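As a plain string of letters, each chain reads:
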Amino acid sequence: MGSVFSQTMAVIAMNIRSLPQRIWMSLAMILASAVVVAILLAFLAMAKGFEATLSSAGSDDVVIFMREGSAAELNSVISRDQVNLIEVAPGVMSDANGPVTSAELYVVVDGIKKSSNTEANIPLRGIQERGITMRDNVTITAGRMFTPGTNELIVGAGILQQFDGFELNANVRFGKNVWRVVGVFSSGGNVFESELWADAKVLQSLYNRGSSYQTMRAQLTSPGALETVRAYVENDPRLNLDVQTEANYFAAQGKQLGYMAIFGRTISIVMALGAIAGALNTMYTSVAERSAEIATLRAIGFSSLSAFAGTMVEALVLAAMGGVVGSVCAFMLFDGLNASTLGGSFTQVVFSFELSPDLFRQGAGFALAIGLISGFFPAWRAARMPVVAAFSKVA
Amino acid sequence: MKDLYLIYKNLTRKPLRLFLTSFAIFIAFLLFGAVTTLKSALDSGVELSADDRLVVLNSINFTNPLPVAYVNRVKAVEGVSKVTHANWFGGYFQEPTNQVVTFAVDPETYLDVYSELVIDPAQQDAWFRNRQGILIGERLAKINGWKVGDRIPLSSNIFSQDNGSSTWDFVVEGVFTGNDEQVDTGYAIFHYKYFMETQTMGGDWIGWIILTTTDPALNESVARAIDDQFANSSTETDTSTEKAFNKAFIEQIGNVGLIIFGVVFMAFFTILVVVGNAMVLAVRERTGEIAVLKSLGFTSPRIFRMVLAESMLLSLLGGMAGLGGAYVVVAGAKDAMAQFLPNLVLGTDTALQAFGFMVLLGLVTGLLPAYNALKLNIITAFSRR
Amino acid sequence: MTALFDLKKVAKSFVKGKEKISIFDDLNMTIEEGDFVAIMGPSGSGKTTLLNMLGGVDQPTSGEVWFAGERIDSLSEGNLAKWRANNVGFIFQFYNLMPMLNAARNVELPLLLTKLSGKQRKKNVETALTLVELADRAKHMPSEMSGGQQQRVAIARAIVSDPKLLLCDEPTGDLDRATADEILKTLQLLNEKFNKTIVMVTHDPAAAKYAKRTLHLDKGEFVEEGMAA
């Protein structure tokens, strides 16, 4: 008999090699681990994708002004007077063309969602040249920019993908107004791609908004200037506004689907309990079926450690295989999957599931945990299997 | 049945295995019950909404307003019976996160159209008389601990008053309930006139119009007549049944919901497969015993029934416990979730569906080993050992 | 004594792979009611196959097996099961008790196939256990009993429904000498006092001595026949 190590390796090798003979038991164990990992990844990828879509939209040195307590752009109102006051606020950047600010309108229109063929809310943002240049990464991928003062709009790539009727050069009717799609824009995958953009002045007149806007964005002179701006707003009773960085605003909106991550983890953990029970059962059966074999090895002189390790490694290998299967399935089914749901502003947010390496690490951890737990106790039983079992007939 | 004891003993011979198997089944049905309930709660808003009520919305989107004059013009359309209107207030109590679903309505006509709301006549009169009065639903009252006579400040995340404040003071004049347990009572309604006079946006506009027709068969033609009337005006309308509107709104949650439920059901079935496999293996271990029973003169069909009954019992044992667990979880979550999902109840059809799956699990996991037992040749069974 | 078993021109063969293996070609034997026959022979001689055919769990390829004037080799599976329940008690080398049932419940098993009431069943179980001197162990699980005790429970199970025939497959193969003798004495008692016909397959010449006669089976044929002293 060789060293403890070589004994152990021998038993492990024997167990692993016999797995194909115990095909159903092995498959059950792999399946149990795979499904838990796949589900965990699905939920995390969904939450992650949604969050990424929103959080990448916000900038740290752009602040967003909204009416106090309005929480979302849709609810806010900002008067022309307030816009004027903000333009001259300390901490707000100006350049040769004047203050770097953008007063915007945000109305909701109906579009027909491809997936369900029903009407869903799409934001139509009234914006001006300044607002577009303030946003990083915005590029016109097809067609051209809308001409100010006309019924032209440009459509986000996400809208184009999830909704019917917004193709380039299409005429789109909202109420009595007809708009013409003249361009498609991309913003690097963030939430702005779930919007339609048109000239703010045109929207003001078509939607009877007079000279008022809904939100205002302003470039800060430096990231630290937020407090200066905030103090200015608080000291002026005419400015009953909330100020926050755009990054914070979108981060808060991104949390909307945070419940999805919590829900997903909860479900995965509960499900993992069920799967572990199934896996434990399978491993116990596996040990019971081979009790004579295990006892015989022990009788020959193999250590109980090798019996323990043999079963433990078997469980880990099966769980790890399940983890790989689950990850691959999740990747094929979900990575890049486009979905849209109701976001914080009561409008559709188009996003993609995102399976990052970090998520795979979490999945791998989960799989190994399942292997550890479902292997340990049966391995313990195998290690303590009395040698005499080799000599008695098992009923 | 005389074999019951034998079945029971077979079932309980390995307590650990019995526990693990029924636990896994328990988990599967716990999830199934809870998630199906969640799903049907999401759908129930649709099921409950009256099919004979129509809603008239701005055709651009329901967040865009309608002129108040439309109310009378709609009333004049042939086939229209009762008409009322509502405005979304965007209410919250103290903290913006503590949302209170609040509508500004025309009191008399609103209660007329929403005839399923039940309210004490004295409270109703008091509310009609007090312009600052607010009528709150029973569930909303319970969540916030409000009662008749309370003064409650509600803020709006959309509107402001002339003095710049976005908080309105109301007096609770009444609490309404529903004539059916499933009627949503999680919202509050107050006087439209009070709202219009105090909010700064000015103008006489309303959020949407709700109406009933003299005959549900007329719904479609009435809806068309209304939309035709406003076609090519400055504000076009889109009229549909309340049910269709709610359905479209739920659809907005979109394929995300679909994906979640898909994933959970996939998991549910996988657990059943894993458990089923273990159950089949467990019976296979007993080949020798089954052979002995046969040699004692137990007939094959009898053994078939015993094996099937055992897996059926096991499936029902774990499954019913899981369903019970789901019931408890749902009941526990009901209050916490009441704000979002008022109809969180584990319904009979969910229970029946779960029961169906339990029977199916019992059958599928029982049939194969039972069939094997039926076909088992005593000789080969003995010589195999 | 009348003939309980009559085997006529029994042949048994099976196909293993491409090979046809023949166990018996032309086996003829008669067992009288009240007989106690030991069947001996080397491994592979066909002892167990013969026992299985007598017990109706295996069927001959050709030939006839008659039991008390009834041909059993052509009965359907269901009818064979009924026949076994009424006429045969099995005793195995490894006892084959149900591990999850206590002694009394194990003995009761064959009675579940009868129309007896619960009370009646209980009474019969008690009688059978008393006969094998295990009345005080009725509530014990098989795992709590010695091999000899388990085998006596198995005997009680075999006789509880009062069959004419007891078939024993190496009943003492797993037991020490002293215990084996006890078991064999019990069988002898059943044969002599209760007129049970017993067919016992064994390796052990000492065990065979308890039988009234011994048949030696070799390569599917009886080679000599001797009466026990």
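Because the structure is a prediction, the values reported are computed rather than measured. (Residues numbered from 1 in each chain as written. Chains lettered and ligands numbered in written order. Predicted model: local features only at pLDDT ≥ 70, side-chain atom pairs only at ≥ 80, totals over all residues.)

1. Notes on the overall build of chain A
Within chain A, the regular secondary structure consists of 12 helices and 15 strands. At 30 Å, chain A has a C-alpha radius of gyration far larger than the 21 Å of a compact globule built from 395 residues. Along the three orthogonal principal directions, the C-alpha set of chain A runs to about 95 × 45 × 30 Å. Put simply, chain A has 395 residues, and 50% of those count as buried. Put simply, of all contacts in chain A between residues at least 6 apart along the chain, 84% involve residues at least 24 apart. (Helix = DSSP H or I, 4+ residues; strand = E, 2+ residues; numbered from the N terminus. Rg over C-alpha atoms; globule rule 2.2 N^0.38 Å. Buried ≥ 20, exposed ≤ 12 C-beta atoms within 10 Å, placed from the backbone. Contact = placed C-beta atoms within 7 Å.)

2. Structural notes on the overall build of chain C
Along chain C, the regular secondary structure elements total seven helices and 10 strands. Here chain C has a C-alpha radius of gyration of 18 Å; the compact-globule value for 229 residues is 17 Å, and the two agree. Seen through its principal axes, chain C has C-alpha atoms that stretch 50 × 40 × 40 Å. Across the 229 residues in chain C, those meeting the buried criterion constitute 51%. Intrachain contacts of chain C at a sequence separation of at least 6 include 68% that bridge at least 24 residues.

3. What to know about the packing of helix H2 (residues 23-55) of chain A against helix H8 (residues 246-254) of chain A
All names here are of chain A. For the pair H2 and H8, interaxial distance at closest approach is 8 Å and the crossing angle is 160 degrees. One way to sum up the angle between H2 and H8 is to call them roughly antiparallel. Relative to H8, the crossing made by H2 is right-handed. Across the interface between the two elements, Phe-50, Glu-51, Leu-54 and Ser-55 from H2 touch Phe-250, Ala-251, Gln-253 and Gly-254 from H8. (Axes fitted to C-alpha atoms, helices over the stretch in contact; angles between N-to-C directions. Parallel < 35°, antiparallel > 145°, perpendicular 65-115°, else oblique. Left-handed = near helix turned anticlockwise from the far one by under 90°.)

4. A short note on the interface of chain B and chain A
Taken residue by residue, the interface counts 46 residues in chain B and 49 residues in chain A. Those elements that place two or more of their residues in the side of chain B that touches chain A are helix H2 (15-48), helix H9 (242-251) and helix H10 (255-284) of chain B. Ranked by the residues each element gives to the side of chain B that touches chain A, the list is headed by H10(B), at 15 residues. A class-by-class count of the residues in the side of chain B that touches chain A yields 24 nonpolar, 19 polar and three charged. (Nonpolar A, V, L, I, M, F, W, Y, C, P; charged D, E, K, R; others polar.)

5. With respect to the confidence of the model for chain C
Residues and elements named next belong to chain C. Looking at chain C, the pLDDT average stands at 86 and 97% of residues meet or exceed 70. Within chain C, the element-level pLDDT minimum falls on strand E10 (residues 221-227), averaging 65, and the maximum on strand E8 (residues 197-201), averaging 93. Here the prediction assigns the complex a pTM of 0.75, and the interface score ipTM is 0.75. (pLDDT = per-residue confidence, 0-100.)

6. Quick look at unusual backbone geometry
Not every positive phi belongs to a glycine, and Asn169(A) is a case in point at roughly 70 degrees. The topology assignment puts Asn169(A) in the loop between strand E8 (163-164) and strand E9 (171-174). One non-glycine residue, Glu170(C), lies in the positive phi region at around 45 degrees. Position of Glu170(C) relative to the elements: it lies in the loop between strand E7 (165-169) and helix H6 (177-194). In this structure Glu170(C) comes out as buried when scored by C-beta crowding, with 20 C-beta atoms within 10 Å.

7. Overview of the environment of Lys12(C)
Residue and element names in this part refer to chain C. Positionally, Lys-12 belongs in strand E1 (residues 3-16). For Lys-12, a count of 22 C-beta atoms within 10 Å translates into the label buried. As a C-alpha pair, Lys-12 and Ile-23 span 11 residues in sequence and 5.5 Å in three-dimensional space. Setting aside residues up to four positions removed in sequence, Lys-12 forms contacts with Ile-23, Phe-24, Thr-49, Pro-60 and Thr-61.

8. Brief notes about the domain arrangement of chain A
Residues and elements named next belong to chain A. Each assigned domain of chain A is listed with its residue range as follows: domain 1 (4-55 + 257-390) and domain 2 (69-239). On a C-alpha basis, the centroid separation for the pair domain 1 and domain 2 is 47 Å. Of all the elements in the fold, those that place two or more residues in the side of domain 1 that touches domain 2 are H2, strand E14 (338-342) and strand E15 (348-352). For the side of domain 1 that touches domain 2, the leading source of residues is E15, giving three residues. Of the residues assigned to the side of domain 1 that touches domain 2, the class counts are four nonpolar, seven polar and no charged. (Domains from an automatic or database assignment.)

9. A few points about the nonpolar core
Formed by 249 residues in total, the largest nonpolar core has its most connected members in Val36(A), Ile39(A), Ala275(A) and Leu31(B). Tallying contributions element by element places H2(A) first for this core, with 22 residues. Each residue touching Ala275(A), except ones within four places of it in the same chain, is listed here: Ala32(A), Ser33(A), Val35(A), Val36(A), Ile370(A), Ile271(B) and Val274(B). Listed in part, the 46 residues of the second largest apolar core include Leu54(B), Ala86(B), Tyr110(B) and Leu211(B). (Core = buried A, V, L, I, M, F, W, Y, C linked by C-beta atoms within 7 Å.)

10. A closer look at the sheet that holds E1(C)
Residues and elements named next belong to chain C. If you trace the four strands from one edge of the open sheet to the other, you get E2-E1-E4-E5, paired in antiparallel fashion. Of all the strands in the sheet, just strand E2 (19-32) and strand E5 (70-71) have a single pairing partner and so form its edges. As defined by bridge partners, strand E4 (residues 62-67) adjoins E5 across two bridges and the pair is classed as antiparallel. Pairing of Phe-67 across the sheet is with Glu-70, part of E5. (Pairing = 2+ DSSP bridges.)

11. Section: the environment of Ala122(B)
Residue and element names in this part refer to chain B. For Ala-122, the location among the structural elements is in helix H5 (residues 121-129). According to the C-beta neighbour criterion, Ala-122 is exposed, with 11 such atoms within 10 Å. C-alpha separation for the pair Ala-122 and Gly-174, spaced 52 residues apart in sequence, amounts to 8.7 Å.

12. Comments concerning the pairing of strand E3 (residues 36-40) of chain C
Residues and elements named next belong to chain C. Of all five residues in E3, five are buried, a share of seventy percent or more. Because side chains alternate across E3, one face comprises the buried residues Phe-36, Ala-38 and Met-40, and the other comprises Val-37 and Ile-39, equally buried. Pairing of E3 with E8, which is carried by four bridges, proceeds in the parallel orientation. Paired with Phe-36 across the strands is Ile-198, a residue of E8. With four bridges joining them, E3 and strand E9 (residues 213-218) adopt parallel strand pairing. Its bridge partner lying in E9, Ile-39 is registered against Leu-215.

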